[in-house]
Amino acid sequence: MFPQRLINGYNDFLNGRMEKERHLYKQLGEQGQVPEIMVISCGDSRVAPEIIFGAGPGELFVIRNIANLVPSVESGHSNADTQHGTSAAVEYATNALRVRHIVVLGHANCGGVRAYANKIAPLSKSDFIGKWMSQIKGVVDKIGPRPEAEVDEASWIRQIELGVVEHSLNNLMTFPTVKERVESGDLFLHGAYFGIASGMLYYRNPKSGEFLPCLSFDEA
């Protein structure tokens, strides 16, 4: 049976937002989408970009995966049988939609990061998560081994989570169109980090690499 929660939610949408924004939905349906911003976020159900950024329909082009990872172009070419949903989305957003901004949105308490960092046993024989998360080996190696003191573990995990954002930003620059458009000033890459419990959003300062609370963020 189709989940009743979704049926109830759809009825609320139909009689609420759809009714109020009918003209907008009609326009989007007839003219297509023209978002200026792409957000690459984790699939974590607690981290919903449209809610965090207060976005309406048609404003954000969102791709979600485990741990907001962007594979490099080179890794995509290494195995012809591998499907790359995130890479396809980046290609579409930058070449077809011509978005002006790409935001890699990391978050606190990321299950994918914690599972890899703590070498948690695979959930299945196929171990799709383990294979996907193996991309961050270099990030973890750079930060160092898990600290012995439990009190330091949260800080260690947070460093990895922030490092994954940096890793994805670097991999975005391996896409020829992304690199070309960034260097020409036609496309801008951004890193961000969301604290689920606090609701605090941090932006990555592109010059210092520091993650600062959004209210004090300054690119100048």
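Owing to the predicted nature of the structure, the values given are computational and were not obtained by experimental measurement. (Residues numbered from 1 in each chain as written. Predicted model: local features only at pLDDT ≥ 70, side-chain atom pairs only at ≥ 80, totals over all residues. Heavy atoms only, no water.)

### Quick look at the pairing of strand β4 (residues 188-194)
Part 1: Looking at chain direction, strand β3 (residues 101-107) and β4 are connected through 7 bridges and run parallel. Counted as the bridge partner of Val104 is Gly191 from β4. (Pairing = 2+ DSSP bridges. Helix = DSSP H or I, 4+ residues; strand = E, 2+ residues; numbered from the N terminus.)

### Quick look at the packing of aromatic side chains
Part 1: With the rule as written, the count across this model stands at 4 aromatic pairs.
Part 2: The interplanar angle of 55° and the centroid separation of 6.3 Å between the aromatic rings of Tyr193 and Tyr202 together place this pair among those described as tilted.
Part 3: What links up through ring pairs into an aromatic cluster is the set Tyr10, Phe13 and Tyr25.
Part 4: Arg158 extends its terminal NZ or CZ atom over the ring of Tyr202, reaching a point 5.2 Å from the ring centre. (Phe/Tyr/Trp six-rings, centres within 6.5 Å; stacked < 30°, edge-to-face > 60°. Lys NZ or Arg CZ within 6 Å of the ring centre and 35° of its normal.)

### Overview of the sheet that holds strand β5 (residues 201-204)
Part 1: One open sheet holds the 6 strands; their spatial order is β2-β1-β3-β4-β5-β6, and the pairing between them is mixed. Of all the strands in the sheet, just β2 (60-65) and β6 (211-213) have a single pairing partner and so form its edges. Here the average twist between neighbouring strands, direction ignored, is 25°.
Part 2: Contacting β1 (37-42), β2 and β3, helix α6 (residues 85-95) runs over the sheet at an angle of about 165° to β2.
Part 3: Docked against the sheet, helix α10 (residues 153-172) engages β1, β3, β4, β5 and β6, running at close to 165° with respect to β4. (Axes fitted to C-alpha atoms, helices over the stretch in contact; angles between N-to-C directions. Contact = heavy atoms within 4.5 Å.)

### Here we look at the domain arrangement of the chain
Part 1: Assigned domains within the chain: domain 1 (1-32) and domain 2 (34-213).
Part 2: A straight line from the C-alpha centre of domain 1 to that of domain 2 covers 29 Å.
Part 3: In this assembly, 6 residues from domain 1 lie in contact with 5 residues from domain 2.
Part 4: Taken together, both faces of the contact between domain 1 and domain 2 bury some 320 Å²; the carbon and sulfur share is 65%.
Part 5: When the buried area of domain 1 at its contact with domain 2 is split by residue, Arg17, Leu28 and Gly32 rank highest and sum to 72% of it.
Part 6: Summed over the shared surface of domain 1 and domain 2, the result is 0 salt bridges. (Domains from an automatic or database assignment. Buried area = accessible area lost by both parts, 1.4 Å probe. Salt bridge = Lys/Arg side-chain N within 4 Å of Asp/Glu carboxyl O.)

### Describing the UniProt feature "binding site: Zn(2+)" (unreviewed entry) in the chain
Part 1: The residues that UniProt annotates with the feature "binding site: Zn(2+)" (unreviewed entry) are Cys42, Asp44, His107 and Cys110. Spanning 69 residues, the named residues form one tight spatial group whose C-alpha atoms are at most 9.0 Å apart.
Part 2: Here Cys42 lies in strand β1.
Part 3: Under the relative-accessibility criterion, Cys42 is labelled buried at 6%.
Part 4: Discounting chain neighbours no more than four positions away, the residues touching Cys42 are Val47, Arg64, Asn65, Ile66, Ala67, Asn68, Leu105, His107 and Cys110.
Part 5: Checked against the element boundaries, His107 lands in strand β3.
Part 6: For His107, a relative accessible area of 1% corresponds to the buried category.
Part 7: Sequence-distant contacts of His107, defined by excluding residues within four places in its chain, comprise Cys42, Asp44, Arg46, Val47, Asn68, Glu161, Tyr193, Phe194 and Ile196. (UniProt positions renumbered as here; feature names shortened; annotations may be inferred. Buried < 20%, exposed > 50% of the residue type's maximum accessible area, 1.4 Å probe, protein only.)

### Observations regarding the packing of α6 against helix α11 (residues 176-183)
Part 1: Packing of α6 against α11 leaves a shortest axis separation of 9 Å and a crossing angle of 40°. One way to sum up the angle between α6 and α11 is to call them oblique. Between α6 and α11 the crossing geometry is left-handed. Between α6 and α11, the contacting residues are Val90, Thr94 and Asn95 on the first element and Thr177, Val178 and Arg181 on the second.
Part 2: Grouping the amino acids of the contact of α6 with α11 by side-chain chemistry returns 2 nonpolar, 3 polar and 1 charged. (Parallel < 35°, antiparallel > 145°, perpendicular 65-115°, else oblique. Left-handed = near helix turned anticlockwise from the far one by under 90°. Nonpolar A, V, L, I, M, F, W, Y, C, P; charged D, E, K, R; others polar.)

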